[in-house]
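Here is what each chain is made of, one letter per residue.
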Amino acid sequence: MSDRESTATTRQRIADALRADPATASELSTNLGVPASSVYGHLQHVARSVQTEDDEQFLVAPPECRNCGFSAFDDPVNYPSRCPECRSEGIEEAVFKIG
């Protein structure tokens, strides 16, 4: 573990991970040892902080229903429990990236 990794906050570690590679909240949870339930809250803060940067964007490939393909969820930085169109619970996670 580098000095940066040992002193970085969880949000800094999430941002650094998303600058390196796209990831879902579950992947971030596993790779960084952060509970999945808290990753979404951290992602919302990371998205706001990146918006203030001139040369970076917080990008989101929205969640998508495996059953009907619906992807127009109101809040893509959240994990929906079911599809509003077909009520399926089979939802692919959103993928996040800072680029």
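- As annotated in an unreviewed UniProt entry, the protein chain is Transcriptional regulator from Haloferax profundi.

Some details on the overall build of the protein chain
In step 1: A count of helices and strands for the protein chain gives four helices and four strands.
In step 2: If you list the helices and strands of the protein chain from N to C, you get α-α-α-α-β-β-β-β.
In step 3: In terms of overall dimensions, the protein chain has C-alpha extents of about 50 × 30 × 20 Å along its principal axes.
In step 4: Here the protein chain holds 99 residues, and the buried ones make up 32% of them.
In step 5: Counting contacts in the protein chain only where the partners sit at least 6 residues apart, residues at least 24 apart contribute 54% of the total.
In step 6: Total accessible area on the protein chain stands at roughly 6,100 Å², and carbon and sulfur atoms take up 45% of it.
In step 7: One finds the centroid of the 9 positive side-chain charges in the protein chain at a distance of 5 Å from the centroid of its 16 negative side-chain charges.

Considerations on the nonpolar core
In step 1: The biggest cluster of nonpolar side chains holds 18 residues, and the ones touching the most others in it are Leu18, Leu28, Leu43, Val46, Phe58, Phe96 and Ile98.
In step 2: Elements represented by at least two residues in this core include exactly helix H2 (10-20), helix H3 (25-32), helix H4 (36-51) and strand S4 (95-98).
In step 3: Of all the elements, H4 adds the most residues to this core, at six residues.

Scoring rules and cut-offs
- Residues numbered from 1 in each chain as written.
- Predicted model: local features only at pLDDT ≥ 70, side-chain atom pairs only at ≥ 80, totals over all residues.
- Heavy atoms only, no water.
- Helix = DSSP H or I, 4+ residues; strand = E, 2+ residues; numbered from the N terminus.
- Buried < 20%, exposed > 50% of the residue type's maximum accessible area, 1.4 Å probe, protein only.
- Contact = heavy atoms within 4.5 Å.
- Areas by Shrake-Rupley, 256 points an atom, 1.4 Å probe, with all protein chains shown as cover.
- Lys, Arg positive; Asp, Glu negative; His and termini not counted.
- Charge placed at Lys NZ, Arg CZ, Asp CG, Glu CD.
- Core = buried A, V, L, I, M, F, W, Y, C linked by side-chain atoms within 4.5 Å.

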